[in-house]
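Architecture and fold: a report
Chain residues, written in single-letter form:
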Amino acid sequence: MSWLGAERRAAGKTLETYGRDVLAFLEFCATHVGGVADVDMLRSLRAADFRAWIAAGAAAGAGNATRARKLSAIRTFFRFLKQRHGVDGAALALISRPRPKRPLPKALSPDDAKAVAQDIGEASDSAMVQARDMALMMLLYGAGLRINEALVLNVGELPPADDALRVTGKGNKQRIVPLLPAVRAAVAVYLKLHPNPGRGEPLFVGVRGGRLNAGVVQKTLRDFRRANGLPEHATPHALRHSFATHLLAGGADLRSIQELLGHASLSTTQRYTDVDTAQLMEVWRKAHPRA
């Protein structure tokens, strides 16, 4: 560890963690291979031995992120061994780094999502701001837009009655999203109070008339959720997650949700099935007498 601290200038916490990981690895080698985990033993390790070590970590409950960190520590250790003792660790190069699992999207409950969409206007004394914030949150939850996708809209991009909204998402990819009557009604109320509703003007504007900034929206929602006891993950993007999760719970198929969200890959949309399963298991744990 002195080499790691002096030559690599690693932080104290890193030294402590790496030292613990290396020591655990050496103890595993001594048990798995047999004998003392000295330089000769380390030189003789095969890819199967490293895979056995990673598998043992998984069996002990270590997640992908933890095993990836441990593997990083061992790679650093073998770089030291190569410099000081000529141990090349070629077998270690054959081991793939475990990929950390992407966190599940955090959706709101239907009641919490509705509270945000319908009551957010209470946070301001300005009638225009009240109507604007409600229209924006209704659009995020009712159509699954990203916050930036909503804020770049101009008044003239709003579709006529019964037509769908054309949204430009990541990579300038366009998609068609239908608008619920409740969303259209909220936007219509806001447009009557819009200070300059020309077709080329921003749909959502700030109090000074310029295009609304995402930071202002995030702060407004942050203040609202804390004042109303909503969870800390009640953010603009959580409304998009809620849109997808609630559609899935209502029986919508993944392909349709993928199109509505504008996901390039179905695997991205499939994360919502994990959310639905997680919620189902939580209900089971709370309700089943044997859970």
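For the structure, check the block above.
Before going into details, it helps to say that this report is about the structure given with it. (Residues numbered from 1 in each chain as written. Predicted model: local features only at pLDDT ≥ 70, side-chain atom pairs only at ≥ 80, totals over all residues. Heavy atoms only, no water.)

So, about the pattern of salt bridges. A full pass over the atoms with the stated rule returns 10 salt bridges. Ionic pairing is found between Arg132 and Asp133, a salt bridge with its closest N-O pair at 3.0 Å. Just as Arg132 is buried, Asp133 falls in that class too. Salt-bridge contacts for Arg146 lead to Glu149; the nearest nitrogen and oxygen are separated by 2.4 Å. Exposure class is identical for Arg146 and Glu149. Each is buried. Counted as one network, the salt bridges with shared partners bring together Asp21, Arg69 and Lys70. (Salt bridge = Lys/Arg side-chain N within 4 Å of Asp/Glu carboxyl O. Buried < 20%, exposed > 50% of the residue type's maximum accessible area, 1.4 Å probe, protein only.)

Quick look at the packing of aromatic side chains now. Across all of its chains, the model carries 6 aromatic pairs by this definition. Ring geometry for Phe25 versus Phe50: centroids 5.9 Å apart, planes at 5°, classification stacked. Here Phe50 lies in helix α4 (residues 47-59) and Phe25 lies in helix α2 (residues 12-32), a separation of 25 residues in the sequence. Each member of the pair, Phe25 as well as Phe50, carries the same accessibility label: buried. Considering the side-chain rings of Phe50 and Phe78, the 5.6 Å spacing of their centres and the 70° angle between planes classify their relative orientation as edge-to-face. You can see Phe50 sitting in helix α4 and its partner Phe78 sitting in helix α5 (residues 64-85), a full 28 residues away along the chain. For the pair Phe50 and Phe78, a shared accessibility class is recorded, and that class is buried. Taken together, the ring pairs connect Phe25, Phe50, Trp53, Phe77 and Phe78 into an aromatic cluster. (Phe/Tyr/Trp six-rings, centres within 6.5 Å; stacked < 30°, edge-to-face > 60°. Helix = DSSP H or I, 4+ residues; strand = E, 2+ residues; numbered from the N terminus.)

What follows is about the nonpolar core. As a rule of thumb, nonpolar side chains are buried together in soluble globular proteins. Among the nonpolar cores identified, the biggest contains 42 residues, and Leu136, Met137, Leu139, Leu145 and Phe204 are the most heavily contacted of them. At the level of secondary structure, the elements contributing two or more residues to this core comprise α6 (110-119), α7 (127-143), α8 (147-151), β1 (165-168), α9 (181-193), α10 (214-227) and α11 (236-249). When residues of this core are assigned to their parent elements, the largest contribution, 11 residues, is made by α7. Non-local contacts of Leu139, meaning those with residues more than four positions away in its chain, are made with Gly144, Leu145, Ala150, Leu153, Leu165, Leu179, Val183 and Phe204. (Core = buried A, V, L, I, M, F, W, Y, C linked by side-chain atoms within 4.5 Å. Contact = heavy atoms within 4.5 Å.)

Moving on to the packing of α7 against α9. Following both chains from N to C, one finds α7 and α9 inclined at 155°, their axes separated by 8 Å at the closest point. In terms of their interaxial angle, α7 and α9 are classed as roughly antiparallel. With respect to the hand of their crossing, α7 and α9 are arranged in left-handed fashion. Seen from α7, the contacting residues are Ala127, Met128, Ala131, Arg132, Ala135, Met138, Leu139 and Gly142; seen from α9, they are Ala182, Val183, Ala186, Val187, Val189, Tyr190 and Leu193. Among the residues making up the contact of α7 with α9, the classes are represented as 13 nonpolar, 1 polar and 1 charged. (Axes fitted to C-alpha atoms, helices over the stretch in contact; angles between N-to-C directions. Parallel < 35°, antiparallel > 145°, perpendicular 65-115°, else oblique. Left-handed = near helix turned anticlockwise from the far one by under 90°. Nonpolar A, V, L, I, M, F, W, Y, C, P; charged D, E, K, R; others polar.)

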